[in-house]
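# Descriptive analysis of the structure
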Amino acid sequence: MNFNKVEFDRAFGVFSQLPKSDMPETVFSGKSNVGKSSLLNKLFNRKNLARVSSVPGKTVTVNFYNVDGRRFVDLPGYGYARISKREKERFGRLVDEYFHSGRNIALVVQLIDMQHKPSADDLVMIDFLKQTGLPFIVVLTKADRLNKKEYESRLAAFDEELGGPDYPVIPFSALTGQGLGEIKARIAQTLEK
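Predicted, not measured: the structure shown is a model, and the values here were computed from it.

### Points about the packing of aromatic side chains
Counted by the stated rule, this structure contains nine aromatic pairs. Judged by centre distance (6.2 Å) and plane angle (85 degrees), the rings of F3 and F72 are edge-to-face. Of this pair, F3 sits in the segment before β1 (6-12) while F72 sits in strand β4 (residues 70-74), placing them 69 residues apart in sequence. F72 shares its class with F3; the two are buried. In textbook terms, an aromatic cluster arises when at least three aromatic residues are bridged by ring pairs, as seen for F3, F8, F28, F44, Y65 and F72. For the cation-ring pair, R154 lies above F158, with the distance from its terminal atom to the ring centre recorded as 4.6 Å.

### Regarding the nonpolar core
Here is a general trend for soluble globular proteins: nonpolar side chains tend to be buried in one another's company. Among the nonpolar cores identified, the biggest contains 29 residues, and V27, L75, Y98, F99 and V108 are the most heavily contacted of them. Among the secondary structure elements, those contributing two or more residues to this core are β3 (62-67), α2 (85-99), β5 (105-113), α3 (120-132), β6 (136-141) and α4 (148-161). Per-element accounting of this core gives the leading share, four residues, to α2. With 24 residues, the next largest nonpolar core counts V6, L40, L111 and I170 among its residues.

### Structural notes on the packing of helix α1 (residues 36-44) against helix α5 (residues 180-191)
One way to put it is that α1 packs onto α5 with a least axis distance of 11 Å and a crossing angle of 80 degrees. When the axes of α1 and α5 are compared, the pair comes out roughly perpendicular. Of the residues in α5, those touching α1 at L39, K42 and L43 are L180, I183, K184 and I187. Its residues assigned to classes, the contact of α1 with α5 shows five nonpolar, no polar and two charged.

### Observations regarding the sheet that holds β1
One open sheet accounts for seven strands, arranged β1-β3-β4-β2-β5-β6-β7; its pairing is mixed. The sheet is open, and its two borders are formed by β1 and β7 (169-171), each paired with just one other strand. Ignoring strand direction, the axes of neighbouring strands in this sheet form an average angle of 25 degrees. With six bridges connecting them, strand β2 (residues 25-30) and β5 associate as parallel partners. In the strand pairing of β5, G30 is matched with L111.

### Some thoughts on the pattern of salt bridges
The tally for this structure, following the rule as stated, stands at nine salt bridges. Put simply, D68 and R70 hold a salt bridge, and the shortest N to O gap is 3.7 Å. Residues D113 and K142 are paired through a salt bridge, measuring 3.8 Å at the closest nitrogen-oxygen approach. Placement of the pair is D113 in strand β5 and K142 in the loop between β6 and α4, with a sequence separation of 29 residues. Since its relative accessible area comes to 7%, D113 is described here as buried. Connected through shared salt-bridge partners, D22, E25, R71 and R103 make up one network.

### Regarding the confidence of the model for the protein chain
Mean pLDDT for the protein chain: 88, with 90% of residues reaching 70 or above. Low pLDDT, under 50, characterises residues 53-58; the predicted model gives this stretch nine contacts beyond four residues in sequence or across chains.

### Description of unusual backbone geometry
The phi dihedral of D68 is positive, around 50 degrees, even though this residue is not glycine. Note on placement: D68 falls in the loop between β3 and β4. Residue class for D68 comes out partly exposed when judged on its relative accessible area of 23%. The phi angle at K142 is positive, at roughly 65 degrees, despite the residue not being glycine.

### Re α5
Along its twelve residues, α5 runs 17 Å from first to last C-alpha, staying within 8% of the 16 Å computed at 1.5 Å per residue. If you check which residues of α5 are buried, you get L180, I183, I187, A188, T190 and L191. An end-on view of α5 places all buried positions within 165 degrees of arc, on one side of the element. As for α5, its buried residues are in contact with β2, α1, β4, β5, β6 and β7.

Parameters and conventions
- Residues numbered from 1 in each chain as written.
- Predicted model: local features only at pLDDT ≥ 70, side-chain atom pairs only at ≥ 80, totals over all residues.
- Heavy atoms only, no water.
- Phe/Tyr/Trp six-rings, centres within 6.5 Å; stacked < 30°, edge-to-face > 60°.
- Helix = DSSP H or I, 4+ residues; strand = E, 2+ residues; numbered from the N terminus.
- Buried < 20%, exposed > 50% of the residue type's maximum accessible area, 1.4 Å probe, protein only.
- Lys NZ or Arg CZ within 6 Å of the ring centre and 35° of its normal.
- Core = buried A, V, L, I, M, F, W, Y, C linked by side-chain atoms within 4.5 Å.
- Axes fitted to C-alpha atoms, helices over the stretch in contact; angles between N-to-C directions.
- Parallel < 35°, antiparallel > 145°, perpendicular 65-115°, else oblique.
- Contact = heavy atoms within 4.5 Å.
- Nonpolar A, V, L, I, M, F, W, Y, C, P; charged D, E, K, R; others polar.
- Pairing = 2+ DSSP bridges.
- Salt bridge = Lys/Arg side-chain N within 4 Å of Asp/Glu carboxyl O.
- pLDDT = per-residue confidence, 0-100.
- Expected span 1.5 Å × (residues − 1).
- Arc of directions from axis to C-beta.

Pasting the structure below:
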């Protein structure tokens, strides 16, 4: 699979606009400002294909990318407090409808900021993925922001916080590329089944 053969397809703000699910989809999910756009840009070896911002809540649509004949989906981030209640409800509805519409989801890449404990929303999302049986991996973003001791401590804590996970947990850094090879391999392996 060639991750460099990518183009932005379309963005949609309401579920009724979403295109038919006619190919396997790799879905990127996580709270606002967790680093979804940074991970996508690193995967695609591009600087600005997915818009990166220091301000949470920039991805307000479901963004579709065509990657070597496969579909990658960037969902809006959840949990950002500074947006209106109406927008939060719209995001929630959009993501909920996306997951409950029988789409051809090959893999969910669930992102969690490695610097912090998983949020309540992160844990709800992981529980949802387990309950639905959707294949997923957890990517711990911003790994480079921790010193060696903090890194080892947070990695050990995640084992307990995530309930001794029986799914892959991959530390990742958009700065150094740590974990990128394993993430690509997991995605490619899932899509080539």
